Amino acid sequence: MPPRPKKAAPAEMKTTNRPDEWKIEQGLSGAVLPPLDMTKPQTKALPIQTFGPLTKDEKAIKAVGDPNKLFAMERKGWTGFVEWEKYPEKKAAAHTILTSQTFPPNPEFQLGPIPGTNPVLPGTHWKMWHHAVGGELTKIPDDSWATVLKEKHPDMLHLLQFPYNGEPPKRLVTAKEITPNSLHFVRNHGGIPLIDKDHYSFQLDGLVAKPKEFTLDDLMDENRFPRMEKAITIQCSGTRRIEQILKYPGQGDEVPQAPWAEGAIGTAKYVGVSLKKVIKECGGLIDGAKHLEFYGADTYFKDDKTMNYLVSVPWSKVKANEVMLAWEMNGEVLPAIHGYPLRIVVFGYIGARSVKWLYRIKAIKEPSRAPVQSQEYLYFPQQVGKHNFKMTDGIQIQEMPVSSAIMSPWTKQVCIHNGKIRCKGWAYSGGGRWPERVELSNDGGFNWYTVPLGNLSKKRRWTWRTWEFDLPCDVEGWVEIVCRCWDNALNTQPPNVRTAWNWGLHVTSSCHRISVYSVNKTRPLTKARLDEFEQKGIPFAPLTVPLAFPSQTWEDYEKFWQNNDPRDAEDD
């Protein structure tokens with residue numbers, strides 16, 4: 001029998017579509033979706049930003065000078081510290097280095113996929129900027145990561161490798177009322193300077209009667225300064241940011257907009273002294289000073305400029321003994337990653353005000369003009385965005401609003417229960433307020449159950465309250481569990497994430513919502529089906545995998561129709 005002739009290979013289908021066309025059309029690849037210009041009779045798709053080849057002006061960079069001399073160690077025993085604020089010529093030199101070359105773009109993670117890695121984001125630009133400036137900054141990325149591995153729990157979720165941003169996994173966030181140091185979240189804005197206590201001191205100057213320099217031993221002298229110990233919750237304004245990002249992306253940058261979940265909050269017992277007492281030893285404020293500006297030894301980058309990390313708080317906050325200079329955390333020496341040897345702790349304020357690695361405090365008349373205070377950590381109106389925002393449109397975030405979160409179960413999780421879904425989480429309110437009531441709903445927020453007071457941790461003025469509750473749930477299928485908190489001033493949370501959305505993606509204070517699949521084993525059919533899964537040794541999950549055995553016998557099926565009318569109604 002002669003061989004059959006081979007069929008000609010089909011011609012390649014010609015298409016103008018990209019392979020990922022379906023994903024783009026469905027908003028699953030939003031970063032490459034072109035904006036539409038509808039200002040003219042014909043709608044036009046506009047090009048998106050692209051990046052050409054990287055460039056580097058070696059001559060201009062070389063003309064700046066030797067980085068090892070320009071940005072050498074400032075102070076003995078202070079590894080990784082460069083004093084920028086006193087030396088505009090250093091800032092100018094670093095600016096020239098940064099603007100004489102281009103860097104690859106950061107990965108898009110809001111309109112594109114969030115990597116399934118740990119660390120989630122690498123901090124591409126920040127590592128390159130540190131290496132480009134050189135000198136004392138060269139080793140900071142590696143030294144900082146080594147500090148993370150040394151001081152943090154191995155189960156930490158590393159959202160950003162450098163500067164380090166990390167939170168504990170949900171199962172450990174509220175495992176203890178006081179967060180262990182190794183599990184306390186970290187939001188660093190620069191590298192971690194390594195400072196020798198024996199060579200440490202900070203300056204208090206500006207608008208004070210008698211500027212002075214203090215060592216750590218000075219502060220620890222109880223004959224000069226009464227010691228204070230406080231349990232304090234510190235919360236990042238980015239806590240629960242992922243809820244905003246997944247629904248409505250905003251200002252993009254892998255550093256300030258790390259995709260925080262519910263773990264960017266922690267509670268610790270700090271020991272130190274009140275800043276008010278230290279200012280008193282300097283003779284008090286003069287010449288209308290109303291704000292205290294804090295200088296951190298970490299290097300911060302903004303708009304191709306280098307600087308130290310600077311923020312400020314009002315004198316009224318300091319005057320109320322609500323700002324501490326702390327050297328101890330949970331009975332241990334302050335960890336390097338949390339600001340050793342000395343940090344600021346501002347009670348009830350956004351975590352960004354609690355400066356680490358403090359090297360200077362300056363009394364000033366108005367809030368700091370430094371970028372972190374004046375250009376970032378701003379809460380914008382909803383119709384403000386990339387197309388129209390101004391810095392003055394944003395409210396500077398200080399006191400944290402009331403908030404809460406469900407730590408267990410997790411969203412999209414199947415919950416097999418006997419009529420009650422076991423839930424746990426946290427609740428917090430800033431500004432010296434505290435959670436008075438925590439409520440949960442199993443129907444999206446229509447009906448609410450109050451968590452019994454006995455199921456809440458101790459009530460304190462400056463800390464969260466952790467809670468546990470068996471939430472009644474009779475229904476089966478997808479249910480939306482919602483959590484909200486009422487504080488002692490009867491503040492509560494906005495109902496939906498849309499009401500909390502803002503261009504800066506800060507302060508996700510809306511009711512925390514999770515969708516879980518309820519399987520109620522008190523129902524006879526459900527119990528019988530689950531028993532059958534167990535007898536056959538077949539896992540119930542994943543939920544969306546079809547049933548692996550018949551849902552009923554044909555005998556049962558036929559019997560049903562013998563006793564019930566047929567599917568079609570008769571026409572009498």
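The rules behind each value
- Residues numbered from 1 in each chain as written.
- Predicted model: local features only at pLDDT ≥ 70, side-chain atom pairs only at ≥ 80, totals over all residues.
- Heavy atoms only, no water.
- Helix = DSSP H or I, 4+ residues; strand = E, 2+ residues; numbered from the N terminus.
- Buried < 20%, exposed > 50% of the residue type's maximum accessible area, 1.4 Å probe, protein only.
- Polar contact = N/O pair within 3.5 Å; in protein donor to acceptor, adjacent residues only side chain to side chain.
- Contact = heavy atoms within 4.5 Å.
- Pairing = 2+ DSSP bridges.
- Axes fitted to C-alpha atoms, helices over the stretch in contact; angles between N-to-C directions.
- Core = buried A, V, L, I, M, F, W, Y, C linked by side-chain atoms within 4.5 Å.
- 1 Å grid on protein atoms, 1.4 Å probe; cavity = no way out; pocket = protein on both sides within 12 Å on 5 of 7 lines; lining within 4 Å.
- Points joined across faces, edges and corners; volume = space filled by probe spheres on them.
- Nonpolar A, V, L, I, M, F, W, Y, C, P; charged D, E, K, R; others polar.
- Phe/Tyr/Trp six-rings, centres within 6.5 Å; stacked < 30°, edge-to-face > 60°.
- Lys NZ or Arg CZ within 6 Å of the ring centre and 35° of its normal.
- Domains from an automatic or database assignment.
- Salt bridge = Lys/Arg side-chain N within 4 Å of Asp/Glu carboxyl O.

Engineer: Explanation requested: the side chain of Arg360 in the structure shown.
Structural biologist: Positionally, Arg360 belongs in strand β17 (residues 358-364). Since its relative accessible area comes to 14%, Arg360 is described here as buried. A polar atom in the side chain of Arg360 sits 3.1 Å from the side chain of Asp205. Look past the residues within four positions of Arg360 in its chain and what remains in contact with it is Phe202, Gln203, Asp205, Glu293, Phe294 and Tyr295.

Engineer: Got a minute to help me understand the environment of Trp503 in this structure?
Structural biologist: Tracing the chain through its elements places Trp503 in the loop between α13 (497-500) and β27 (512-520). Expressed as a C-alpha distance, the spacing of Trp503 and Pro381, which sit 122 residues apart in the sequence, is 7.8 Å. Setting aside residues no more than four positions away along its own chain, Trp503 makes contact with Gly250, Gln251, Phe380, Val384, Gly385, Lys386 and Phe389.

Engineer: What should I look at first to understand the sheet that holds strand β12 (residues 291-302) in this one?
Structural biologist: Strands belonging to one sheet form pairs held by backbone hydrogen bonds; the direction of such a pair is parallel or antiparallel. On the basis of which strands lie adjacent, the open sheet formed by five strands has the order β9-β8-β17-β12-β13 and mixed pairing. In the strand order of this sheet, the two ends are held by β9 (212-214) and β13 (305-314), each with one partner. Pairs of neighbouring strands in the sheet enclose a mean axial angle of 25°, with direction left out of account. Contacting β12 and β13, helix α4 (residues 88-99) runs over the sheet at an angle of about 125° to β13. The strands that helix α5 (residues 124-133) touches are β12 and β13; relative to β12, the one it contacts most, it runs at about 85°.

Engineer: Explain the nonpolar core to me, please; I cannot follow it from the model alone.
Structural biologist: Where a protein is soluble and globular, its nonpolar side chains tend to be buried together. Among the nonpolar cores identified, the biggest contains 115 residues, and Phe202, Leu275, Phe294 and Leu325 are the most heavily contacted of them. Beyond its immediate chain neighbours, meaning those up to four positions away, Phe202 contacts Lys212, Glu213, Phe214, Leu219, Val278, Leu325, Leu342, Leu358, Tyr359, Arg360 and Ile361. Counting residues in hydrophobic clusters, the runner-up holds 20 residues, among them Val438, Ile481, Cys483 and Cys485.

Engineer: Got a minute to help me understand empty space enclosed by the protein in this structure?
Structural biologist: Using a probe with the size of a water molecule, rolled over the atoms, empty space left in the structure can be pinpointed. Across all of its chains, the model carries two cavities of 30 Å³ or more by this definition. Its volume calculated, the largest cavity comes out at about 200 Å³. Contributing to the lining of the largest cavity are 20 residues, with Arg187, Arg343, Gly351, Ser354 and Lys356 lying nearest its centre. Of the residues belonging to the lining of the largest cavity, the class tally is ten nonpolar, six polar and four charged. The calculated volume of the second largest cavity comes to roughly 50 Å³. Surrounding the second largest cavity, Gln235, Cys236, Ser237, Gly238, Thr239, Arg240, Met400, Pro401, Ser403, Val507, Thr508 and Ser509 form its lining. Considered class by class, the residues forming the lining of the second largest cavity number four nonpolar, seven polar and one charged.

Engineer: Explain the packing of aromatic side chains to me, please; I cannot follow it from the model alone.
Structural biologist: Here the distance between the centres and the angle between the planes together describe a pair of aromatic rings. Using the criterion set out here, one finds 22 aromatic pairs in the structure. Measuring from centroid to centroid gives 5.7 Å for Tyr295 and Tyr359, while their planes differ by 80°, and the two rings are edge-to-face. Here Tyr295 is found in strand β12, whereas its partner Tyr359 is found in strand β17, with 64 residues between them in sequence. These aromatic residues form a ring-pair network of at least three members: Trp78, Phe81, Tyr200, Tyr295 and Tyr359. Sitting above the plane of the Trp78 ring, Arg75 keeps its charged end 4.0 Å from the centroid. Over the ring of Phe549 we find Lys536, and its NZ or CZ is 5.4 Å from the ring centre.

Engineer: Help me out: how do you make sense of the environment of Ile538 in this one?
Structural biologist: Examined against the element boundaries, Ile538 turns out to sit in the loop between α14 (524-536) and α15 (554-563). Distance from Ile538 to Ile286, taken between C-alpha atoms, is 75 Å for residues 252 residues apart in sequence. With sequence-adjacent residues up to four places away left out, Ile538 is seen in contact with Phe533, Ala548 and Phe549.

Engineer: What exactly am I supposed to notice about the domain arrangement of the protein here?
Structural biologist: One frequent convention defines the size of an interface as the accessible area lost when the parts assemble. What the domain assignment lists for the protein is domain 1 (402-520) and domain 2 (524-562). Averaged C-alpha coordinates put domain 1 and domain 2 at centres separated by 34 Å. Of the residues lining the interface, seven residues belong to domain 1; the matching set on domain 2 comes to four residues. The interface formed by domain 1 and domain 2 contains zero salt bridges. Linking domain 1 with domain 2 are one residue pair in polar contact (both at pLDDT 80 or more), by the criterion used here.

Engineer: What am I meant to see in the pattern of salt bridges here?
Structural biologist: Two side chains with opposite charge may pair up if their charged atoms get near one another. Considering all chains together, one arrives at 28 salt bridges under this definition. Across the pair Asp155 and Arg171 runs a salt bridge whose closest N-O atoms are separated by 2.8 Å. One end of the pair, Asp155, is in the loop between α6 (140-151) and β4 (157-160); the other, Arg171, is in helix α7 (residues 170-173), with 16 residues separating them in the sequence. According to the relative accessible area criterion, Arg171 is partly exposed, its value standing at 48%. Three or more residues are tied together by salt bridges with common partners; here these are Lys212, Asp218, Arg224 and Glu281.

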